[in-house]
Amino acid sequence: MADKFGRFTKRARRVLVLAQEEARRLNQNYIGTEHLLLGLIREENSVAVKVLRELGVEPQRVKDIVERTVEQGQWTRPKLTLTPRTKRVIELAVDEARRMSHHYIGTEHLLLGLMREGEGVAVNVLGSMGVNLEKVRAQTRHLKAEGLVEKGFREADQATYRLYPNVQLGENAQIGDYVIIGHPPRGKKPGELPVVIGDNAVIRSHTVIYAGTVIGHNFQTGHRATIREGNRIGDDVSVGTGVTIDNDCQIGNDVRFRGHDLIGEYTVIEDGCWIGPHVAITNVFHPRCPKAKECMKGPTLKRGAKIGANSTLLPDITIGEMALVGAGSVVADDVPSRAVVVGNPAKVVKTIDELECPYGLVERPYEENRAQV
Ligand SMILES: CC(C)(COP(=O)(O)OP(=O)(O)OC[C@H]1O[C@@H](n2cnc3c(N)ncnc32)[C@H](O)[C@@H]1OP(=O)(O)O)[C@@H](O)C(=O)NCCC(=O)NCCS
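Residues numbered from 1 in each chain as written. Predicted model: local features only at pLDDT ≥ 70, side-chain atom pairs only at ≥ 80, totals over all residues.

1. Some points on the pairing of strand E29 (residues 347-351)
In regular strands, side chains alternate between the two faces of the sheet.
Moving on, step 1. Judged from the 4 bridges that link them, strand E28 (residues 339-342) and E29 form a sheet pairing that is antiparallel. In the sheet register, Val340 faces E29, and the bridge partner there is Lys350.
Moving on, step 2. Counting the residues between successive antiparallel strands, the hairpin from E28 to E29 contains 4 residues, one of them, Gly343, with a positive phi of roughly 95 degrees. (Pairing = 2+ DSSP bridges. Helix = DSSP H or I, 4+ residues; strand = E, 2+ residues; numbered from the N terminus.)

What follows is the structure, given as structure tokens:
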């Protein structure tokens, strides 16, 4: 049960336990949709009960009608089983959460699952009280827009992260404490712009990802990364602790940001690039000039380029393929492919093919076709 119901909120799990209790109380050998409904309404402060109340449904009245509808059974088996319909309701609840881009399954999804199943005692009882799937969906969305669904979840699971509406998270995401995903950029409403993040994301504590950004699979952040709106980020990208990626950057696949970097707006970083710690990537020659926003242009880092620690890249330059910028450089001009540059202003000192491992571990650190680590 632990794994299968791992993404269920505490309240939703409690509803399943209460459903068992209700089945026993009514002397039945199975857990049907009617018991699930009775369990749901016993979880007084749940989002599901809030939705029902908003639709004019009083829990006590539901209880009365269900008890009048079902006959007292003759309990014989020590172990209760879920009816096929109840199993389907649970599957539908998981699907409802997925459709709403919720990373958890709460009581509201169980209620939606009950309604979507379309048959069974629960849906008949609620139907007789004027409730239908569309109304439950609309009311759930309404409460969600007011932040109530998330609030209910945080209360239920002590989760401290916040997912705004319109966040589409892939499978197997791990979200750390105090993470915020979908923060609206200035002038936008919550949920107005989507965030799309692929499968297997590991987003560590205190990271903030703004709405309007699309990120591929196997994404990782360290702690306290900030990723602004309008970014396009490929697969297998790692954004280290304290990195800020300003808006509207294009970042390819298999890119690493080591930590505490500032990546200015409109930077283009191609596949396989590596950005060392404390790198500043700039995008305006004359800060605060009245026309600064019109000429803003970040550098372009071509495939496999590597930027040493604590370097500064000036705006609108190109770092060639596989080029290596030495630690602490200030790069003011284009860097040719495979060049090694150092200093302030950075000058070409050799090519990467001339580099030798000081420890003799490899003949050449950057041989063509060798997989990069
Ligand atoms: C630039 C770099 C690749 C040079 O590598 P290399 O050529 O094998 O290094 P060498 O030790 O042979 O140095 C060659 C010369 O360049 C100088 N030099 C090396 N790195 C330099 C740098 N970053 N800035 C200025 N000069 C540098 C050396 O002092 C030496 O000068 P000399 O010939 O007058 O004695 C390397 O020093 C570097 O900066 N790598 C990036 C490191 C980094 O940021 N790592 C992040 C890990 S978290």
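2. Overview of the environment of Asp353
Moving on, step 1. If you trace the backbone, Asp353 turns up in the segment after E29.
Moving on, step 2. In this view, Asp353 contacts Arg338 and Arg364; residues no more than four positions away in its chain are not counted. (Contact = placed C-beta atoms within 7 Å.)

3. Regarding the environment of Glu229
Moving on, step 1. Secondary-structure assignment places Glu229 in the loop between strand E12 (226-227) and strand E13 (232-233).
Moving on, step 2. The sequence separation of Glu229 and Asp334 amounts to 105 residues, and the corresponding C-alpha distance is 28 Å.
Moving on, step 3. Not counting residues up to four positions away in its chain, the partners in contact with Glu229 are Pro185, Leu193, Tyr210, Ala211, Gly212, Thr213 and Asn247.

4. Section: the sheet that holds strand E3 (residues 162-163)
Moving on, step 1. Taken together, the 9 strands give an open sheet; going across it, the order is E3-E6-E9-E12-E15-E18-E21-E24-E27, and neighbouring strands pair in parallel fashion. Lying at the two open borders of the sheet, with one neighbouring strand each, are E3 and strand E27 (330-331).
Moving on, step 2. Inspection of the sheet shows strand E21 (residues 280-281) paired to strand E24 (residues 312-313) by 2 bridges, in the parallel sense. Bridged to Ala280 within E24 is Thr312.

5. What to know about the domain arrangement of the chain
Moving on, step 1. One can read the domain layout of the chain as domain 1 (2-145) and domain 2 (160-372).
Moving on, step 2. Of the residues lining the interface, 4 residues belong to domain 1; the matching set on domain 2 comes to 8 residues.
Moving on, step 3. For the side of domain 1 that touches domain 2, the per-class residue count stands at 1 nonpolar, 2 polar and 1 charged. (Domains from an automatic or database assignment. Nonpolar A, V, L, I, M, F, W, Y, C, P; charged D, E, K, R; others polar.)

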